[in-house]
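A closer look at the structure
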Amino acid sequence: MPLPDFSAMLRWPNVPACYGWLSLDRRGRWRLRGDLLNHAGLNDFLHRQYAHDRHGNYFVQNGPQRVFVELEYTPWVLHLAAADCLATQTGQTVSELRGAAVDEEGNLLLEIPDGIALLCDRDLPALLHALRRADGQLVDDDALLAAIAQPGVGTLTLDWQDRRLPVVALRRSQVPGRYGFVSSPRDTAAATAPDSTP
């Protein structure tokens, strides 16, 4: 993924970061204070300037200001761009899958080179044919429910582009820690500042 433009930070290094305004929903859509952003140019800008720091906080670099992103689930959301092609919410084609997991809600999570991604719920039915039981048979509802009920046990595989990946069952609450991202970045300076109220 291309790096955002950080050059404005050199000219204005002390612009305070922004928290609580921008979010990414579970379908990969940007929201400003909860309202869906539909402007194509603004969405393209947000996609280009999307990055993360070494602590796993995701942000959009807006000139000299870092606007931290609240994540409804994962930092990346995948869509089927074609029958056998996945792309991130930023439009980047996924070159490889490195792992797969399913949570207790039936969400499919896929490890990509940039991190962990949630498959958009709208595309999940089209990808169910790639889920297999241990015996190689297609997954039915019973097998999927059994896999979801056994966190940490890989009873399913994902067959995708000539690769067979084990599907790990986990709890949604485990996802941020396991994959190293922060769902809700906080201003630690403000949180640790002494309270000046009487």
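Residues numbered from 1 in each chain as written. Predicted model: local features only at pLDDT ≥ 70, side-chain atom pairs only at ≥ 80, totals over all residues. Heavy atoms only, no water.

A word on the confidence of the model for the chain
Averaged over all residues, the pLDDT of the chain equals 88, while 87% of them reach at least 70. pLDDT under 50 marks residues 191-198. Its contacts with residues more than four places away, or in other chains, come to 0 contacts. (pLDDT = per-residue confidence, 0-100. Contact = heavy atoms within 4.5 Å.)

Focus on the nonpolar core
Counting 47 residues, the largest nonpolar core has Trp30, Tyr50, Leu97 and Leu158 as the members making the most contacts within it. Apart from the residues within four sequence positions on either side, Leu158 is in contact with Leu97, Ala100, Leu110, Ala130, Leu131, Arg163, Arg164, Leu165 and Val167. (Core = buried A, V, L, I, M, F, W, Y, C linked by side-chain atoms within 4.5 Å. Buried < 20%, exposed > 50% of the residue type's maximum accessible area, 1.4 Å probe, protein only.)

Side note on the sheet that holds strand β4 (residues 50-52)
Across a sheet, strands are paired by hydrogen bonds formed along the backbone, either parallel or antiparallel in direction. Taken in spatial order, the 6 strands make up an open sheet running β3-β2-β1-β6-β5-β4, and their pairing is mixed. Only two strands of the sheet have a single neighbouring strand rather than two, namely β3 (35-36) and β4. Inspection of the sheet shows strand β1 (residues 18-24) paired to strand β6 (residues 65-71) by 4 bridges, in the parallel sense. Looking at the pairing, Cys18 lines up with Val67 of β6. Its contacts with the sheet put helix α2 (residues 40-48) on β1, β2 (30-32), β4 and β5 (58-62), and the angle it makes with β5 is roughly 115 degrees. (Pairing = 2+ DSSP bridges. Helix = DSSP H or I, 4+ residues; strand = E, 2+ residues; numbered from the N terminus. Axes fitted to C-alpha atoms, helices over the stretch in contact; angles between N-to-C directions.)

Some details on the pairing of strand β7 (residues 76-82)
Here is the key point about a regular strand: its side chains alternate between the two faces of the sheet. Examined bridge by bridge, β7 and strand β11 (residues 115-119) share 3 bridges and lie parallel to one another. Counted as the bridge partner of Val77 is Leu118 from β11. In terms of strand pairing, β7 meets strand β8 (residues 85-88) through 4 bridges, oriented antiparallel. Directly across from Leu78, in β8, lies its bridge partner Thr88. In textbook terms, the turn of a hairpin is the stretch between consecutive antiparallel strands, and for β7 and β8 this stretch comprises 2 residues.

Some points on the layout of surface pockets
Its volume calculated, the second largest pocket comes out at about 170 Å³. Forming the walls of the second largest pocket are Cys18, Trp21, Leu22, Leu32, Leu37, Leu42, Phe45, Leu46, Val60, Asn62 and Val67. Those elements that place two or more of their residues in the lining of the second largest pocket are β1, α2 and β5. Class assignment of the residues belonging to the lining of the second largest pocket gives a composition of 10 nonpolar, 1 polar and no charged. (1 Å grid on protein atoms, 1.4 Å probe; cavity = no way out; pocket = protein on both sides within 12 Å on 5 of 7 lines; lining within 4 Å. Points joined across faces, edges and corners; volume = space filled by probe spheres on them. Nonpolar A, V, L, I, M, F, W, Y, C, P; charged D, E, K, R; others polar.)

With respect to the sheet that holds strand β9 (residues 99-102)
One open sheet accounts for 8 strands, arranged β8-β7-β11-β10-β9-β14-β13-β12; its pairing is mixed. Only two strands of the sheet have a single neighbouring strand rather than two, namely β8 and β12 (131-133). With direction set aside, neighbouring strand axes in the sheet form an average angle of 40 degrees. Two elements, strand β10 (residues 108-112) and β11, share 4 bridges in a ladder whose sense is antiparallel. Bridging from a neighbouring strand, Leu109 pairs with Leu118 of β11. Relative to the sheet, helix α4 (residues 141-148) contacts β9, β12, β13 (156-160) and β14 (163-169), its axis offset from that of β13 by approximately 115 degrees.

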